[in-house]
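Secondary and tertiary structure notes
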Amino acid sequence: MICAAVPLIPFPDNRRELLERLLDGLDAPALHWLSGYTAGLAAAHARGPATASPSALAESSQQLTVLYGSQTGNARRLAERLVRDAKGAGLAVRLVRADAYPLRELADERLLAIVISTQGDGDPPDDARGFVEYLASKRAPQLTHLRYSVLALGDSSYPQFCSAGREVDARLAELGALRMGERADADVDIEPVAKPWLDATLAAAREALKEQAPLATVTVLRPQVHVAAFNRDKPFAAPILANQRITGRDSTRDIRHLELSLEGSGLTYEPGDALGVWPRNPEALVEALLEHLHLDGELAVAHDGTSLPLREWLSSRRELTRLARPFVALHAARSRNAELNRLLVSDKAQELAELLRTHQAIDLLRAFPGDWDAEDFVAALRPLTPRLYSIACSRKAVGNEAHLTVAHVAYDAFGYAHWGAASHDLAQAGEDALANIFIEENTRFRLPADAARDVIMIGPGTGVAPFRGFVQERRETGATGRNWLVFGNPHFSSDFLYQTEWQAALKDGSLHRLDLAFSRDGANKVYVQQRLRENGQVLFDWLEGGAHVYVCGDATRMARDVHATLGQVIATHGARSDEAAEEYLSDLLRQGRYARDVY
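Residues numbered from 1 in each chain as written. Predicted model: local features only at pLDDT ≥ 70, side-chain atom pairs only at ≥ 80, totals over all residues. Heavy atoms only, no water.

1. A look at the pairing of strand β2 (residues 93-97)
Test applied: Using a 1.4 Å probe on the protein chains alone, a residue whose accessible area is under 20% of its type maximum counts as buried, one over 50% counts as exposed, and one in between counts as partly exposed. Each helix is a run of DSSP H or I of at least 4 residues and each strand a run of E of at least 2, with the numbering of both proceeding from the N terminus. A pair of strands counts as paired when DSSP detects no fewer than two bridges linking them. The handedness rule is simple: strands pointing away from the viewer, and a clockwise path from the first strand over the helix to the second, make the crossover right-handed.
Burial of β2 is extensive: five of the five residues sit out of reach of the surface. Residues V93, L95 and R97 point to one face of β2 and R94 and V96 to the other, with burial holding for every one of them. In terms of strand pairing, strand β1 (residues 64-69) meets β2 through five bridges, oriented parallel. In the sheet register, V66 faces β2, and the bridge partner there is L95. Each parallel crossover has a hand, and the one from β1 via helix α4 (residues 74-88) to β2 is right-handed.

Following this line, the structure appears as structure tokens:
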């Protein structure tokens with residue numbers, strides 16, 4: 001929808017129709033870019049005949065460009081915050097998602113702030129891959145006229161902490177750009193690093209732009225934006241309507257189908273979006289920590305302007321099930337343990353990564369004893385963060401509900417029971433329980449706007465969740481494109497998630513093809529990659545016919561293997577070199593026809 005009343009639009013009907021067609025379906029980053037571009041045109045017209053190129057017009061606008069690459073939404077939120085602050089300060093500014101940024105404009109960019117996350121083993125987020133690859137290539141221009149600043153987001157639990165941001169920062173400097181501020185590397189506890197960077201970047205931008213003429217006033221039509229009453233910082237307490245185990249009794253995995261009510265929340269979502277869940281840590285884990293450290297759970301602890309009983313800090317405010325390097329470093333100093341200190345040196349990164357992967361905070365405390373008081377312990381732990389789960393339904397099919405597919409993390413290690421925070425919280429919830437939730441948009445993972453396009457969905461394990469929503473949506477909207485699902489799990493008899501639904505979808509024609517890979521049912525392990533290779537010619541034909549391909553699931557192994565397999569299929573059946581096949585995939589990514597929701 002368009003905010004401005006039609007009579008206020010200052011051009012004839014035929015031009016208005018063209019404008020409405022142009023704006024239809026554009027997301028926020030594209031609209032922000034269009035806003036900056038048209039503002040540049042207006043400024044150029046104010047000076048005289050518009051003979052400049054689009055890149056020169058971008059230069060003439062004398063604005064701050066805020067570019068972001070985001071996997072889970074944190075980088076996007078911080079970029080939007082910088083844009084709001086810049087607009088509040090009266091600066092000309094535009095917000096651009098990295099995959100919507102016209103790369104040709106980089107040569108004429110003057111002021112650039114980049115917020116970029118790192119995922120997996122040092123990879124940029126999918127929406128920034130094209131930008132990062134271009135920047136690293138020989139095609140990247142010299143940027144001696146550019147001033148920039150980078151905020152890198154990451155997780156110090158991984159060896160390649162913030163490496164995407166580090167590489168972008170280093171490459172821009174190599175191309176001759178000048179920093180308007182030092183790069184900031186933010187861990188999962190983002191705010192202490194992000195706020196000083198945001199303040200410094202805004203101050204530097206104001207200084208750079210203060211003597212430049214303001215943009216001509218331009219009225220830009222924007223789609224109406226729904227602002228929900230509930231969000232990440234103010235979650236909705238959603239009643240749990242159903243909590244059903246959907247793996248068999250003999251399965252080694254406890255996977256749950258949960259249905260939550262959104263009645264009265266005003267929350268909306270599209271297939272491909274995620275539900276954020278604020279968890280509470282397992283009660284048994286909290287009590288074990290208190291007992292091990294000989295601390296009183298009722299003791300009031302003040303931290304960062306908030307005072308709560310220690311038990312509540314540990315239950316709902318601090319990360320206990322995920323270990324981070326900063327806590328290991330602090331505990332190493334307290335324990336004075338030589339072995340633990342040895343892991344913190346630079347050449348032991350892989351050993352440290354294995355420790356972080358396999359240990360929770362209590363495991364570290366048990367293995368390397370050291371004393372903590374309550375205040376220092378709370379300050380040393382990372383803040384508890386929400387967990388994101390792909391929404392496993394379409395609102396058109398289920399109404400005011402959201403469905404999730406959750407693998408309950410529960411295992412034994414080091415002689416003790418261990419659990420995941422949110423998954424255990426959800427798995428144990430009765431049908432009268434409430435879950436604190438919010439919607440996390442994932443605009444990169446959307447069904448094609450053209451309902452006649454075919455879609456290929458690759459989702460082993462709980463990665464199948466969003467595709468349940470995709471198939472429901474395509475059925476409800478009468479999409480004419482074909483739907484192909486490739487699913488895998490260990491065993492057919494106990495791990496075939498939503499089996500009856502997929503069989504019904506095949507029967508009613510809303511699912512056109514289903515290929516299965518059950519890795520433990522035969523003498524040889526079979527994964528979804530093998531099914532893709534076996535059907536390589538069909539897969540390539542679908543891609544050549546304009547199909548969109550989606551991948552959801554584990555980022556560290558499955559997504560990498562599937563990406564490599566897609567490349568092999570394209571090389572083999574498209575008669576291309578490996579390099580050309582990789583470029584084919586990159587082009588699909590740029591077109592929005594290859595999307596990944598990986599974790």
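Structure shown, so let's carry the discussion forward.
2. Digging into helix α8 (residues 283-293)
Spelled out, the test is: Between two residues, a contact is recorded if the distance between any of their heavy atoms is within 4.5 Å.
Of the residues making up α8, those classed as buried are L285, V286, A288, L289, L290 and L293. The elements touched by buried residues of α8 are α9 (310-317), α13 (361-367), α14 (374-380) and β15 (416-419). Positive phi shows up at H294, right after α8, with a value of about 55°.

3. What about unusual backbone geometry?
Here the phi dihedral of H294 falls at roughly 55°; this positive angle occurs in a residue that is not glycine. Relative to the elements of secondary structure, H294 occurs in the loop between α8 and β10 (300-303). Exposure remark for H294: the relative accessible area of 72% places this residue in the exposed category.

4. Overview of the environment of A208
For A208, the position within the fold is in helix α7 (residues 191-209). Sequence separation of A208 and R110 is 98 residues, and the distance between their C-alpha atoms is 9.6 Å.

5. Some points on the sheet that holds strand β21 (residues 594-598)
The condition that has to hold: Lines fitted to C-alpha atoms define the axes, with helix axes restricted to the stretch in contact, and inter-axis angles between N-to-C directions lie between 0 and 180 degrees.
In space, the five strands of this open sheet follow the order β19-β18-β17-β20-β21, with parallel pairing throughout. Two strands close off the open sheet at either side, each with one partner strand: β19 (513-518) and β21. Strand-to-strand twist in this sheet, taken as the mean axis angle between neighbours without regard to direction, amounts to 10°. Note: strand β20 (residues 548-553) against β21, five bridges, orientation parallel. Bridging from a neighbouring strand, Y550 pairs with A595 of β21.

6. Describing the environment of T405
Here T405 is to be found in strand β13 (residues 401-407). T405 sits 13 residues away from A392 along the chain, and the two C-alpha atoms are 6.6 Å apart. When neighbours within four sequence positions are excluded, T405 is seen to be in contact with I246, I255, R256, A392, T462, A465, L497 and Y498.

7. Quick notes on the side chain of T201
Condition: In protein, a polar contact means a hydrogen-donor-capable atom and an acceptor-capable atom, both N or O and within 3.5 Å, with residues adjacent in sequence counting only if both atoms are side-chain atoms; elsewhere, any N or O pair within 3.5 Å suffices.
Positionally, T201 belongs in helix α7. The buried category is assigned to T201, whose relative accessible area is 2%. One polar contact links the side chain of T201 to the main-chain carbonyl oxygen of W197, over a distance of 2.8 Å. Those residues in contact with T201 that sit more than four places away from it in its chain are L82, A113, S149 and M180.

8. With respect to the nonpolar core
Selection rule: Throughout, nonpolar core names a set of buried Ala, Val, Leu, Ile, Met, Phe, Trp, Tyr and Cys residues whose side chains join them through atoms within 4.5 Å.
Among the nonpolar cores identified, the biggest contains 34 residues, and L310, L314, F327, V328, L340, L364 and F377 are the most heavily contacted of them. Those elements that place two or more of their residues in this core are α8, α9, α10 (325-335), α11 (338-343), α12 (349-358), α13 and α14. Residue contributions to this core peak at six residues, all from α8. Ignoring any residue separated from it by four or fewer positions in sequence, one finds F327 in contact with A361, L364, L365, W372, F377, A380 and L381. Of all hydrophobic cores here, the second largest spans 28 residues; its members include L78, V93, A186 and L198.

9. Points about the pattern of salt bridges
Formally: A pair is scored as a salt bridge if a Lys or Arg side-chain nitrogen falls within 4 Å of a carboxyl oxygen belonging to Asp or Glu.
Inspection of every chain in the model, using the stated rule, returns 38 salt bridges. Where R311 meets E298, a salt bridge forms, and the shortest distance between an N and an O atom there is 2.2 Å. Taken together, the residues span a long stretch of sequence, with R311 in helix α9 and E298 in the loop between α8 and β10 at a distance of 13 residues. Classification of E298 as exposed rests on a relative accessible area of 53%. Linked through salt bridges whose partners overlap, the residues forming this network are R166, D169, R179, R183 and D185.

10. Some remarks on the sheet that holds β13
The pairing of strands in a sheet comes from backbone hydrogen bonds and takes either a parallel or an antiparallel form. Strand order in the open sheet formed by six strands is β12-β9-β16-β7-β8-β13, with antiparallel pairing between adjacent strands. Bordering the open sheet on either side are β12 (387-390) and β13, each of which pairs with just one other strand. Strand-to-strand twist in this sheet, taken as the mean axis angle between neighbours without regard to direction, amounts to 40°. Pairing of strand β7 (residues 236-245) with strand β8 (residues 255-261) involves five bridges; the strand directions are antiparallel. Of the residues in β8, the one forming a bridge with N243 is L258.

11. A word on the packing of helix α17 (residues 465-477) against helix α19 (residues 499-508)
Which entries qualify depends on this criterion: To sort the angles, those under 35 degrees are grouped as roughly parallel, those over 145 as roughly antiparallel, those from 65 to 115 as roughly perpendicular, and the leftovers as oblique. Each helix crossing is assigned a hand: it is left-handed if the near helix lies turned anticlockwise from the far helix by less than a right angle, otherwise right-handed if that turn is clockwise. Under this grouping Gly is polar, as are all residues other than the nonpolar Ala, Val, Leu, Ile, Met, Phe, Trp, Tyr, Cys and Pro and the charged Asp, Glu, Lys and Arg.
Where α17 meets α19, the axes come as close as 12 Å, and the angle between the chain directions of the two elements is 30°. By the angle between their axes, α17 is roughly parallel relative to α19. Remark: the crossing between α17 and α19 carries left-handed chirality. Contact residues: α17 offers F467, R468, V471, Q472 and R475, while α19 offers E501, W502, A505 and D508. Its residues assigned to classes, the contact of α17 with α19 shows four nonpolar, one polar and four charged.

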